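Letter by letter, the chains look like this.
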Amino acid sequence: MKTPIRMAIVGAGLWGKAHASIYREHPETTPVAICDLDRGKAEAFAAEFGLDQIYTDYHEMLAKCGCDAVAIVTPDFLHADIAIAAATAKKHMIIEKPLATTRSDVMRMLDAIEGNGVRAMVDLHNRWNPPFNSVKQLVSSGKYGTPTNAHFCMNDNLWVAIDMLSWVAKSSILWFLGSHSLDTMNWLIDDYPVEVYAVKNEGKLKSLGIDAVDTYMTMIKYRNGAVAQMENSWVTPNGNPNVNDFKFYMLCTDGKFDVDCSSFNLCQVTDSQRMISHDILVKNYVFDRCRGFAYESIRSFVDKLASGEEFHVTLREAANVSLAILAILESAESGKITAVERV
C-alpha cells in the first residue's frame, strides 16, 4: 500500500480548514502539521483535525515536521517567502491565489520553485466551476468558432471587505477576485493579454476606514485580437442574495455563451431579514464531506501530485495572471494603456 503524501498547512483560517478536511478525506494524503503566527488558532486547528505538530514558525515546521508538500493558505501578500522556503526545503506546494502580488515576488518564486525542481500549483479554482468548465469544453470543440470578446463581472458583497477579511487594505479586489476572473478568461480565450486599460472608483471603503479601492473596470486586449472587459468590486450591498455578483458573457465567431453564477436558484433560504441563494455548488458539505468546485481544485492538486501528471493550472500561467494584474493596477494609477509582461 502506497504511503500517503504528508501535507503541512500554513494558515489556520477558514480556508486552511478546507485544505485539512480534504487532506484528511483523500486516500493519497494525510495532514501532519499546522503553522500559524497565532498559536491559539493553531492549537484549536490541531485539536479539530487531530494533528500533533503545531508551529508558529514555518521555517521550523519545514525543518522538523517531515512533510512532503505544503499548502500555503495565508493572505496573498505573504505567499512569497513561505513558498521560497518550501522550495528550498524541497517541498511541493499548493498556493492559494494569486501566486504573488509584486513582480519581485513572482520572479523570486519562479526561480526558487523551478530551480529546486519542486512542483507547485496555484489554486485558481474557477476552472473547476461546472458552468465555466462546460464552456471550455464547448469552445474547445471548435463548433462555435473562436472567441472575439468577453465580459466578466465578479464582485463581492461589502461584508467580505468589512467583516470577513482583516487585511483588505494590504491587498486589492483585483488580487482577491480579479485573479479568478482573469485566469478564467485567459483559459477560455486560450490566449494571454498584451495590453490593458483600467479605471478605478473609490470612496465607500475609505468612508468606512478601509484604505482600499472599491471597484476596478478593465479593458483587456489579447494577442489574438480578442477583447474583454473585467469588472471587480467588493462594495455590492449586503442585501444581495448571493455573496458574489458573478456573471460572464463571451461572443465567438459562431456562437455565444452566457453564465450567471449569482443566482442558480437551486436552493433559496429566507428568514426575517432577507432571502439568500444557499451555496450548494462552490463549497458545501454532503454527509460531512467537502463537496463543491472550490474543493475539487485542491483534490486535483493531490491527484496530480500523486500521479506525476501536469497540474490543470501551471505555475507560469499563474505567474502571468499576477503580472497582468500588476499592469492593470499600473494603468488604473496612470490613466494610460499599459503593456502586459509575460514569462
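For the structure, check the block above.
Residues numbered from 1 in each chain as written. Predicted model: local features only at pLDDT ≥ 70, side-chain atom pairs only at ≥ 80, totals over all residues. Heavy atoms only, no water.

Details of helix 11 (residues 315–334)
Its 20 residues give helix 11 an end-to-end C-alpha distance of 29 Å, which sits within 8% of 28 Å, the value for a rise of 1.5 Å per residue. Judged by how many residues are buried, helix 11 sits mostly within the fold: 14 of 20 residues are covered. Backbone geometry just downstream of helix 11 places Gly 335 in the positive-phi region, at approximately 75 degrees. (Helix = DSSP H or I, 4+ residues; strand = E, 2+ residues; numbered from the N terminus. Expected span 1.5 Å × (residues − 1). Buried < 20%, exposed > 50% of the residue type's maximum accessible area, 1.4 Å probe, protein only.)

Things to note about the environment of Tyr 58
Along the chain, the position of Tyr 58 falls in helix 3 (residues 58–64). Separated by 50 residues in the primary sequence, Tyr 58 and Ala 8 place their C-alpha atoms 9.7 Å from one another. Contacts of Tyr 58, omitting those with residues within four sequence positions, involve Val 10, Cys 35, Asp 81, Ile 82 and Ala 85. (Contact = heavy atoms within 4.5 Å.)

Here's the deal with the packing of aromatic side chains
If you walk through the whole model with that rule in mind, you get 13 aromatic pairs. Considering the side-chain rings of Phe 152 and Phe 246, the 5.9 Å spacing of their centres and the 25 degrees angle between planes classify their relative orientation as stacked. Highlighted residues: Phe 152 in strand 7 (residues 147–157) and Phe 246 in strand 11 (residues 244–252), separated in sequence by 94 residues. Note on accessibility: Phe 152 and Phe 246 belong to one class, buried. In textbook terms, an aromatic cluster arises when at least three aromatic residues are bridged by ring pairs, as seen for Phe 77, Trp 167, Phe 176 and Trp 234. Directly above the ring of Phe 311 sits Arg 119, whose terminal nitrogen or CZ lies 4.2 Å from the centroid. For Arg 342, the ring lying beneath its charged end belongs to Tyr 192, and the centroid distance is 3.7 Å. (Phe/Tyr/Trp six-rings, centres within 6.5 Å; stacked < 30°, edge-to-face > 60°. Lys NZ or Arg CZ within 6 Å of the ring centre and 35° of its normal.)

Observations regarding the sheet that holds strand 17 (residues 338–339)
Sheet architecture is open: seven strands sit in the order 12-11-7-10-9-8-17, paired in mixed fashion. Edge positions in the sheet fall to strand 12 (255–260) and strand 17, since each has one partner strand and no second. Each of strand 7, strand 8 (193–201), strand 9 (215–222), strand 10 (227–236) and strand 11 is contacted by helix 8 (residues 173–189), which is oriented at about 155 degrees to strand 10, the strand it contacts most. Strand contacts of helix 11: strand 8, strand 9, strand 10 and strand 17, with the helix running at about 50 degrees to strand 8, the strand carrying the most contacts. (Pairing = 2+ DSSP bridges. Axes fitted to C-alpha atoms, helices over the stretch in contact; angles between N-to-C directions.)

Looking at the nonpolar core
Judged by nonpolar contacts, the single largest core of 69 residues is most densely connected at Met 61, Met 93, Ile 95, Leu 99, Met 109 and Ile 113. With sequence-adjacent residues up to four places away left out, Leu 99 is seen in contact with His 79, Val 106, Met 109, Val 122, Leu 315, Ala 318, Ala 319 and Ser 322. Counting 50 residues, the second-largest nonpolar core is a separate cluster that includes Trp 175, Met 185, Ala 228 and Val 340. (Core = buried A, V, L, I, M, F, W, Y, C linked by side-chain atoms within 4.5 Å.)

Section: the sheet that holds strand 2 (residues 29–35)
Read from one edge to the other, the open sheet built from six strands follows the order 3-2-1-4-5-6, with strand pairing classed as parallel. Both edges of this open sheet fall to strand 3 (53–55) and strand 6 (120–123), since each of them pairs with a single strand only. On average, each strand axis in the sheet is tilted by 25 degrees relative to the strand beside it, whichever way the strands run. Set on the sheet, helix 1 (residues 14–25) makes contact with strand 1 (5–10), strand 2, strand 4 (69–72), strand 5 (92–96) and strand 6; between it and strand 2 the angle comes to about 150 degrees.

Brief notes about a nonpolar patch on the surface
On the surface, Tyr 197, Val 199, Met 217, Met 219 and Ile 337 cluster together to form a nonpolar patch covering roughly 430 Å² of accessible area. Inspection of the secondary structure puts Val 199 in strand 8. On the accessibility criterion, Val 199 (38% relative accessible area) is partly exposed. (Patch = residues over 30% accessible without salt bridge, like charges linked within 9 Å, V, L, I, M, F, W, Y side chains within 5 Å. Areas by Shrake-Rupley, 256 points an atom, 1.4 Å probe, with all protein chains shown as cover. Salt bridge = Lys/Arg side-chain N within 4 Å of Asp/Glu carboxyl O.)

A word on unusual backbone geometry
Residues Lys 97 and Pro 98 are joined by a peptide bond in cis, for which omega reads -10 degrees. Despite not being glycine, Lys 90 has its phi angle at roughly 65 degrees, a positive value. Along the chain, the position of Lys 90 falls in the loop between helix 4 (79–88) and strand 5.

Some details on the pattern of salt bridges
Pairing is possible between side chains that carry opposite charge, provided their charged atoms lie close to one another. Summed over all chains, the structure comprises 19 salt bridges. Two residues, Glu 43 and Arg 39, come together in a salt bridge whose shortest N-O distance is 3.0 Å. Note that Glu 43 and Arg 39 are positioned in helix 2 (residues 39–49) at a spacing of four residues, about one turn of the helix. When its relative accessible area of 38% is taken as the criterion, Glu 43 is described as partly exposed. Salt bridges sharing partners connect three or more residues here, namely Lys 200, Glu 202, Lys 206, Asp 211 and Glu 333.

Some remarks on the side chain of Arg 299
The topology assignment puts Arg 299 in helix 10 (residues 293–307). Among the polar contacts listed, one links the side chain of Arg 299 to the side chain of Glu 25, at a separation of 2.8 Å. A polar side-chain atom of Arg 299 sits 2.7 Å from a polar atom in the side chain of Glu 296. (Polar contact = N/O pair within 3.5 Å; in protein donor to acceptor, adjacent residues only side chain to side chain.)

Distances and angles like these do not, on their own, reveal function.
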